[in-house]
Protein chains: 2
Amino acid sequence: MPTATPQPAFVLVRPQMGENIGAAARAMWNFGLDRMRVVAPRDGWPSERAVAMASGAGRLLDEAGLYDDLAGALSDCTFVYATTARPRELTKPVLSPEHGMAEAAKRIAAGEKVAVLFGPERAGLENDDIARANTIISVPVNPAFPSLNLGQCVLLTAYEWMRNSGTVVHFEDDPRGDWATGREIEALAAHYEERLEAAGFFFPEDKAAGMKVNLRNLWSRMRLTRADVQMLHGIMRQMVRWKSR
Amino acid sequence: MPTATPQPAFVLVRPQMGENIGAAARAMWNFGLDRMRVVAPRDGWPSERAVAMASGAGRLLDEAGLYDDLAGALSDCTFVYATTARPRELTKPVLSPEHGMAEAAKRIAAGEKVAVLFGPERAGLENDDIARANTIISVPVNPAFPSLNLGQCVLLTAYEWMRNSGTVVHFEDDPRGDWATGREIEALAAHYEERLEAAGFFFPEDKAAGMKVNLRNLWSRMRLTRADVQMLHGIMRQMVRWKSR
């Protein structure tokens, strides 16, 4: 069963190698996409090689729609994006994957049925295919080395879908951090000051105040956890114990 | 010759298959990155398989730095990101590739030397590696299918670099910070480990390795300046001197 989340269909147009179809399935499912359509795969369907490569994402292949031609694959779609590596003769809006997927998310939220086309490995989509799309998506690559393969193009587009459709889990500052309180930091600072004073660290005397400020600044700047504070206490206690052995 | 554009170094830590090193080189160069460092590749160096896979990006392999250990690879770096698939026990900020690369671009614009670590194919980075990083980058994937491989992780990170490095933005982290390099942090960590070992701090023995990782993680997490490093060396030297009085 496909997931219930509304999402674009990714349409592989005349893909050649089964391995690449499998890799595309994995790339999609990594970012929560599971509606694949396959148009006239060169080596037939189902594809053993695709299944072998897809491993954990094999369900996408089982559930993929198979079509003889692109027109059939797009029959229920209201908006179509075509991914291309190079600019084409055809006059059409060209978006980055970022803006394309952000726009797609809005269209889908508004109830549209959206498809994204990916061309065959070697040559990419033909003008005939692109003519069926409303908008072009082009990945901005190094002009000196534009060599994305099918799986990579699917990966980046799926990634941008996840990033722009609000499904991204945003990480903040590590929430598991058991941060030390001001009181604990204060006790640590006092412990070090006391022991370092006894050990003759704050020398010469006219620099002592500045050295203490620097040390305190270090403790507060480094955002210590409780475990860190315990370790730092332990280090100092151990050095004191070692001396008195 | 590497391109003149300031950029992060991508560090492959103990990569296993040459093919994946080659794929990583292609992924980097697709987005204009060409500073690769390789730490202890399993199958030796240079790697024929890497060269065959890299095709048009072979120059990155010729110019890649080869290191025996991670400390060596990071010796000139002032800020280190570690890419991981899963959250770890180590407390550290976790950023998306988007936010991580935006931040990296700002750091580099401010003159810092930045590295991004990628772990070996099967197991990813170890805690020992992550302890040397300042911040974690985690790609937000489908929790039901988190299966990005090395090349894909490099691809997405490089893509975010390109997407985010065009925007020069205000740098919030204190730009006057005279940050310590990896070599200086490494020397500090070694100094503390040696002295604390002698003082009997790493006890009981079965906890010693974990304690050392936690201590190293603390040094890298707290973003030390050169002055901090000098002060911390001074603290330890003084405690040793104090004992021998």
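Because the structure is a prediction, the values reported are computed rather than measured.

A short note on the packing of helix 5 (residues 97-109) of chain B against helix 7 (residues 150-165) of chain B
All names here are of chain B.
In step 1: Where helix 5 meets helix 7, the axes come as close as 8 Å, and the angle between the chain directions of the two elements is 55°. With respect to their mutual orientation, helix 5 and helix 7 come out oblique. Crossing angle aside, the handedness with which helix 5 passes helix 7 is right-handed. Each of Pro97, Glu98, Met101, Ala102, Ala104, Ala105 and Ile108 in helix 5 lies in contact with helix 7, whose residues at this interface are Thr157, Glu160, Trp161, Arg163, Asn164 and Ser165.
In step 2: Along the lines of polarity and charge, the residues of the contact of helix 5 with helix 7 split into seven nonpolar, three polar and three charged.

Comments concerning the packing of aromatic side chains
In step 1: For the structure shown, the criterion picks out 10 aromatic pairs over all chains.
In step 2: Each ring, one from A:Phe10 and one from A:Phe118, has its centre 4.9 Å from the other, and the planes form 50°; the classification is tilted. Residue A:Phe10 is found in strand 1 (residues 9-13), and its partner A:Phe118 is found in strand 6 (residues 114-118); the two are separated by 108 residues along the sequence. Considered together, A:Phe10 and A:Phe118 belong to a single accessibility category, that of buried residues.
In step 3: Between the aromatic rings of B:Phe201 and B:Phe202, the centroid separation amounts to 5.3 Å while the plane-to-plane angle is 70°, which identifies the pairing as edge-to-face.
In step 4: The class for B:Phe202 is buried, based on a relative accessible area of 7%.

Re the environment of A:Ala52
In step 1: Summarising the element assignment, A:Ala52 is placed in helix 2 (residues 48-54).
In step 2: The sequence separation of A:Ala52 and A:Ala23 amounts to 29 residues, and the corresponding C-alpha distance is 9.7 Å.

Digging into the domain arrangement of chain A
In step 1: As far as domains go, chain A holds domain 1 (9-164) and domain 2 (182-244).
In step 2: For domain 1 of chain A and domain 2 of chain A, the distance between their C-alpha centres works out to 59 Å.

A short note on helix 5 of chain B
In step 1: For helix 5 of chain B, built from 13 residues, the straight-helix expectation of 18 Å at 1.5 Å per residue is met to within 8% by its first-to-last C-alpha distance of 18 Å.
In step 2: Turning to helix 5 of chain B, its buried residues number three or more, namely B:Pro97, B:Glu98, B:Gly100, B:Met101, B:Ala104, B:Ala105, B:Lys106, B:Arg107 and B:Ile108.
In step 3: Against helix 7 (150-164) of chain A together with strand 4 (79-83), strand 5 (94-95), strand 6 (114-118), strand 7 (135-137) and helix 7 of chain B lie the buried residues of helix 5 of chain B.
In step 4: Two residues or fewer after helix 5 of chain B comes B:Gly111, characterised by a positive phi angle close to 100°.

Some thoughts on the pairing of strand 1 of chain A
Residues and elements named next belong to chain A.
In step 1: Among the five residues that make up strand 1, five are buried, leaving the element largely enclosed by the rest of the structure.
In step 2: Looking at chain direction, strand 1 and strand 6 are connected through four bridges and run parallel. The residue bridging alanine 9 from the neighbouring strand is alanine 115, located in strand 6.
In step 3: Examined bridge by bridge, strand 1 and strand 2 (residues 36-39) share four bridges and lie parallel to one another. Within strand 2, the residue paired with valine 13 across the bridge is valine 39.
In step 4: Remark: the strand 1/helix 1 (residues 18-30)/strand 2 crossover connection has right-handed handedness.

Considerations on the pattern of salt bridges
In step 1: Taken as a whole, this structure holds 38 salt bridges over all chains when the rule is applied.
In step 2: Of the charged contacts in the structure, one is a salt bridge between A:Arg42 and A:Asp43, with a shortest N-O distance of 3.0 Å. We note that A:Arg42, like A:Asp43, is exposed.
In step 3: For B:Arg35, the salt bridge identified is with B:Asp34, shortest N-O distance 3.2 Å.

A word on the pairing of strand 2 of chain A
All names here are of chain A.
In step 1: Along strand 2, one buried face is formed by Met36 and Val38 and the opposite face, lined by Arg37 and Val39, is buried too.
In step 2: Of the pairings in the sheet, the one linking strand 2 to strand 3 (residues 65-67) comprises three bridges and is parallel in character. What sits directly across from valine 39, in strand 3, is tyrosine 67.

Examining the state of the cysteines
Note on terminology: a disulfide is the covalent bond linking the sulfur atoms of two cysteines.
Residue and element names in this part refer to chain A.
In step 1: For the structure on display, the rule yields zero disulfides over all chains.
In step 2: Of all cysteine sulfurs, the one in cysteine 153 lies closest to cysteine 77, which takes part in no disulfide; the gap is 18 Å.
In step 3: Classification of cysteine 77 as buried rests on a relative accessible area of 16%.

Focus on the sheet that holds strand 2 (residues 36-39) of chain B
Residues and elements named next belong to chain B.
In step 1: The seven strands lie next to each other as 3-2-1-6-4-7-5, forming an open sheet whose pairing is parallel. Pairing within the sheet leaves two strands with one partner each, and these edge strands are strand 3 (65-67) and strand 5.
In step 2: With four bridges connecting them, strand 4 and strand 6 associate as parallel partners. Considered in strand 6, the bridge of tyrosine 81 is made with valine 116.

Conventions we followed
- Residues numbered from 1 in each chain as written.
- Chains lettered and ligands numbered in written order.
- Predicted model: local features only at pLDDT ≥ 70, side-chain atom pairs only at ≥ 80, totals over all residues.
- Heavy atoms only, no water.
- Axes fitted to C-alpha atoms, helices over the stretch in contact; angles between N-to-C directions.
- Helix = DSSP H or I, 4+ residues; strand = E, 2+ residues; numbered from the N terminus.
- Parallel < 35°, antiparallel > 145°, perpendicular 65-115°, else oblique.
- Left-handed = near helix turned anticlockwise from the far one by under 90°.
- Contact = heavy atoms within 4.5 Å.
- Nonpolar A, V, L, I, M, F, W, Y, C, P; charged D, E, K, R; others polar.
- Phe/Tyr/Trp six-rings, centres within 6.5 Å; stacked < 30°, edge-to-face > 60°.
- Buried < 20%, exposed > 50% of the residue type's maximum accessible area, 1.4 Å probe, protein only.
- Domains from an automatic or database assignment.
- Expected span 1.5 Å × (residues − 1).
- Pairing = 2+ DSSP bridges.
- Right-handed = clockwise from strand over helix to strand, strands pointing away.
- Salt bridge = Lys/Arg side-chain N within 4 Å of Asp/Glu carboxyl O.
- Disulfide = S-S within 2.5 Å.

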